[in-house]
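# Examination of the molecular architecture
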Amino acid sequence: MPRPEVLDRIREAEQEADDIVDEAERDREERISDAHAEAEEIREAAREDAEADAEDRLESAREEIEAERETILEDGQEAREELEASAQERTQDVIDHVTDLFEEAVHAQT
């Protein structure tokens, strides 16, 4: 094979190698770009899931707090009603006692 043809074939082979390397580099950059985009999508989905979970836990906690508040209010209302009933029952006893004290004081003066 004549020398110029060999040189041409070497140049063609080098050009093909350069083209293959360039294509591989473009492919690599595209894959990296795709991977970054996919990673961002995964991070965003994870963030949204975490926010939804946090909101669910917060709502559940609010419901528990509200239920506990209602229980406390009901218990307080019952205790108040019991105290009022007890006070009402003792009202007559107090009236009788004060009347007795008054009568004793009046009799003591006479």
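Above this text sits the structure in question.
Okay, so let's go over this structure. Note that the structure is a prediction, hence the values are computed from the model and not measured. (Residues numbered from 1 in each chain as written. Predicted model: local features only at pLDDT ≥ 70, side-chain atom pairs only at ≥ 80, totals over all residues. Heavy atoms only, no water.)

### Brief notes about helix α1 (residues 3-109)
How we decide: Starting at the N terminus, helices and strands are each numbered in turn, a helix being any DSSP run of H or I of at least four residues and a strand any DSSP run of E of at least two. Here a helix's expected span is defined as the number of its residues, less one, multiplied by 1.5 Å. One axis is fitted to the seven residues ending at the residue and one to the seven starting there. The bend at that residue is the angle between these axes.
Helix length check: α1, at 107 residues, gives a terminal C-alpha distance of 152 Å against a target of 159 Å (1.5 Å per residue), a fit within 8%. Bending of α1 peaks at approximately 35° at the position of arginine 90.

### Topic: the environment of glutamine 88
Along the polypeptide, glutamine 88 turns up in helix α1. Each C-alpha atom of the pair glutamine 88 and glutamate 40 lies 71 Å from the other, and the pair is 48 residues apart in sequence.

### Quick notes on the pattern of salt bridges
The condition is simple: Basic side-chain nitrogens of Lys or Arg form a salt bridge, by our definition, when they fall within 4 Å of a carboxyl oxygen of Asp or Glu. Any residue under 20% of the maximum accessible area for its type is buried, any over 50% is exposed, and the rest in between are partly exposed; the area is computed with a 1.4 Å probe on protein chains only.
Scanning all chains against the criterion turns up ten salt bridges. Its salt-bridge partner being aspartate 27, residue arginine 31 comes within 3.0 Å of it at the nearest N-O pair. On the criterion of helical spacing, the pair formed by arginine 31 and aspartate 27 is a turn pair, its members being four residues apart in helix α1. Residue classification places aspartate 27 among the partly exposed residues on the basis of a relative accessible area of 34%. Here the salt bridges do not stand alone but share partners, grouping Glu25, Arg28 and Glu29 into one network.

Scope: geometric values only; no functional claims are made or implied.
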